[in-house]
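# Secondary and tertiary structure notes
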Amino acid sequence: MTDTPVASFELLAAQLLEDPDLDVSVTATGLHVHGRLFAYLDGTDLVVDLPTDRADDLIGREVASAVPAGRSEAKGAWVRIADAEDWPELAGESHQFVGEPAVGHDS
């Protein structure tokens, strides 16, 4: 994406803020959808909340590594992504996953 993790994260945040639903916000803790944290920068890695099966798949393929406890309770599982080239796709997945209403609510 860019030369530094911070610049890559800022670019990612800018892209997600362009979402037509206007449901993404950026705070000091990371990226939020409907007030719920879904992605944040941790050192040089992006940490995202993904469905457990998807997280397990990425960990198994060594695309991601497990994060025992994120900055907030995960809806699925927190994973750490080192390769900034994967950030947009996985942050997008996390945005959709965390932003979905719970089954039986608002659907």
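So, a few notes on the structure that sits alongside this text. Here the structure is a predicted model, which means the values were calculated and not measured. (Residues numbered from 1 in each chain as written. Predicted model: local features only at pLDDT ≥ 70, side-chain atom pairs only at ≥ 80, totals over all residues. Heavy atoms only, no water.)

### Concerning the sheet that holds strand E5 (residues 64-66)
Strand order in this open sheet of 6 strands is E1-E2-E3-E4-E6-E5, and the pairing throughout is antiparallel. The open sheet has two free edges, formed respectively by strand E1 (24-27) and E5, since each of these has just one partner strand. If you compare each strand with its neighbour and ignore which way they point, the axes differ by 30 degrees on average. Alignment of strand E4 (residues 45-50) against strand E6 (residues 77-81), held across 5 bridges, turns out to be antiparallel. Looking across to E6, one finds that Asp-49 is bridged to Trp-78. (Pairing = 2+ DSSP bridges. Helix = DSSP H or I, 4+ residues; strand = E, 2+ residues; numbered from the N terminus. Axes fitted to C-alpha atoms, helices over the stretch in contact; angles between N-to-C directions.)

### What about the environment of Leu-41?
Secondary-structure assignment places Leu-41 in strand E3 (residues 36-42). What makes Leu-41 buried here is its relative accessible area of 16%. Between the C-alpha atoms of Leu-41 and Leu-31, which are 10 residues apart in sequence, the distance is 9.1 Å. Beyond its immediate chain neighbours, meaning those up to four positions away, Leu-41 contacts Pro-5, Val-6, Phe-9, Leu-46, Arg-71 and Trp-87. (Buried < 20%, exposed > 50% of the residue type's maximum accessible area, 1.4 Å probe, protein only. Contact = heavy atoms within 4.5 Å.)

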